[in-house]
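# Observations on the three-dimensional arrangement
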Amino acid sequence: AQTVTQSQPEMSVQEAETVTLSCTYDTSESDYYLFWYKQPPSRQMILVIRQEAYKQQNATENRFSVNFQKAAKSFSLKISDSQLGDAAMYFCAYASLNTGNQFYFGTGTSLTVIP
Amino acid sequence: GAVVSQHPSWVICKSGTSVKIECRSLDFQATTMFWYRQFPKQSLMLMATSNEGSKATYEQGVEKDKFLINHASLTLSTLTVTSAHPEDSSFYICSAPLPRDYGYTFGSGTRLTVV
């Protein structure tokens with residue numbers, strides 16, 4: 001089974017600064033998707049960014065960008081110009097194209113934004 | 001678009017009673033629904049996968065008779081916690097694959113407290 005590892009249980013960042021959240025995964029598949037989801041205190045899961053494994057170009061969504069290193073099986077999330085509203089749990093997730101759309105979630109990183 | 005409505009958002013029940021949680025896809029047909037359980041400050045753990053018109057697939061260690069899943073239509077999947085006990089208290093979230101893109105949409109979750 002695929003595993004997703006987030007080695008940083010907690011991170012903090014000063015408002016307006018940049019922070020990078022780490023994620024590594026283990027798979028033998030060549031085609032898959034990777035996601036970062038945000039879970040604020042409301043506990044609603046919100047999609048932050050998505051990366052298709054076959055695309056070499058790193059995905060970007062406004063202040064959020066990823067560093068996707070397929071060979072190293074690494075998928076880090078960079079948040080630029082951090083805002084107070086970015087404070088949340090962030091989950092990295094792997095989606096296989098071969099196992100019925102199942103998601104494999106990492107353990108999460110709790111991000112605190114310091115005003 | 002692609003909203004999953006989950007109800008109730010929170011429920012308190014007495015030990016030994018049953019509780020039903022509903023997830024409805026509002027503007028698309030969800031042939032598949034994933035059910036997750038999340039403990040405080042932990043990741044989402046997949047419990048089962050329901051498919052419209054067929055039996056649900058349960059993850060290892062999940063009691064089928066305790067967590068009854070029904071996917072009677074293309075827009076409704078339900079999770080019934082039978083004979084609930086305090087250890088069943090948790091946050092339950094449903095998720096469905098997006099209809100026209102690769103990704104997933106999540107319900108807003110149900111906080112179950114068994115007293």
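Above this text sits the structure in question.
This text gives an overview of the structure that appears in the document. Values in this document were obtained by computation on a predicted structure and should not be read as measured data. (Residues numbered from 1 in each chain as written. Chains lettered and ligands numbered in written order. Predicted model: local features only at pLDDT ≥ 70, side-chain atom pairs only at ≥ 80, totals over all residues. Heavy atoms only, no water.)

## Examining the pattern of salt bridges
Residues and elements named next belong to chain A.
- Applying the stated criterion across every chain, the model contains six salt bridges over all chains.
- Linking Lys73 and Asp26 is a salt bridge whose minimum nitrogen-to-oxygen distance equals 3.8 Å. Of this pair, Lys73 sits in the loop between strand S8 (64-69) and strand S9 (74-79) while Asp26 sits in strand S4 (residues 24-26), and the two are 47 residues apart along the sequence.
- Take Lys73: its relative accessible area is 26%, and that puts it in the partly exposed class.
- The class of Asp26 is partly exposed, set by a relative accessible area of 43%.
- A salt bridge links Asp86 to Arg63, with the nearest nitrogen and oxygen atoms 2.8 Å apart. In this pair, Asp86 sits in the loop between S9 and strand S10 (88-96) while Arg63 sits in the loop between strand S7 (60-61) and S8, placing the two residues 23 residues apart along the sequence. (Salt bridge = Lys/Arg side-chain N within 4 Å of Asp/Glu carboxyl O. Helix = DSSP H or I, 4+ residues; strand = E, 2+ residues; numbered from the N terminus. Buried < 20%, exposed > 50% of the residue type's maximum accessible area, 1.4 Å probe, protein only.)

## Considerations on the pairing of strand S7 (residues 67-73) of chain B
All names here are of chain B.
- Relative to strand S8 (residues 76-81), S7 runs antiparallel, the two being bridged by five bridges. Residue pairing across strands places Ser73 opposite Leu76, the latter belonging to S8.
- Hairpin connection of S7 to S8: two residues between the antiparallel strands. (Pairing = 2+ DSSP bridges.)

## Things to note about the state of the cysteines
- Within the structure shown, the criterion is met by two disulfides over all chains.
- Two residues share a disulfide in this structure: Cys23(A) and Cys92(A), whose sulfurs sit 2.0 Å from each other. Measuring the twist about the S-S bond at about -70°, one finds the Cys23(A)-Cys92(A) disulfide to be left-handed. In this pair, Cys23(A) is assigned in the loop between strand S3 (19-21) and S4 and Cys92(A) in strand S10, connecting sequence segments 69 residues apart. By the burial criterion, Cys23(A) is buried, and Cys92(A) matches it.
- Paired through a disulfide, Cys23(B) and Cys94(B) show a sulfur-sulfur distance of 1.8 Å. Its torsion about the S-S bond being -95°, the disulfide of Cys23(B) and Cys94(B) is classed as left-handed. Taken together, the residues Cys23(B) in strand S3 (residues 19-25) and Cys94(B) in strand S9 (residues 90-97) connect sequence positions 71 residues apart. (Disulfide = S-S within 2.5 Å.)

## Some points on the sheet that holds S8(B)
Residues and elements named next belong to chain B.
- In space, the four strands of this open sheet follow the order S1-S3-S8-S7, with antiparallel pairing throughout. Unpaired on one side and paired on the other, strand S1 (4-7) and S7 mark the two borders of the sheet. The mean angle between the axes of side-by-side strands here comes to 15°, regardless of whether they run parallel or antiparallel.
- Of the strand pairs in this sheet, S1 and S3 are connected by four bridges, and their pairing is antiparallel. By the bridge assignment for S3, His7 is matched with Glu22. (Axes fitted to C-alpha atoms, helices over the stretch in contact; angles between N-to-C directions.)

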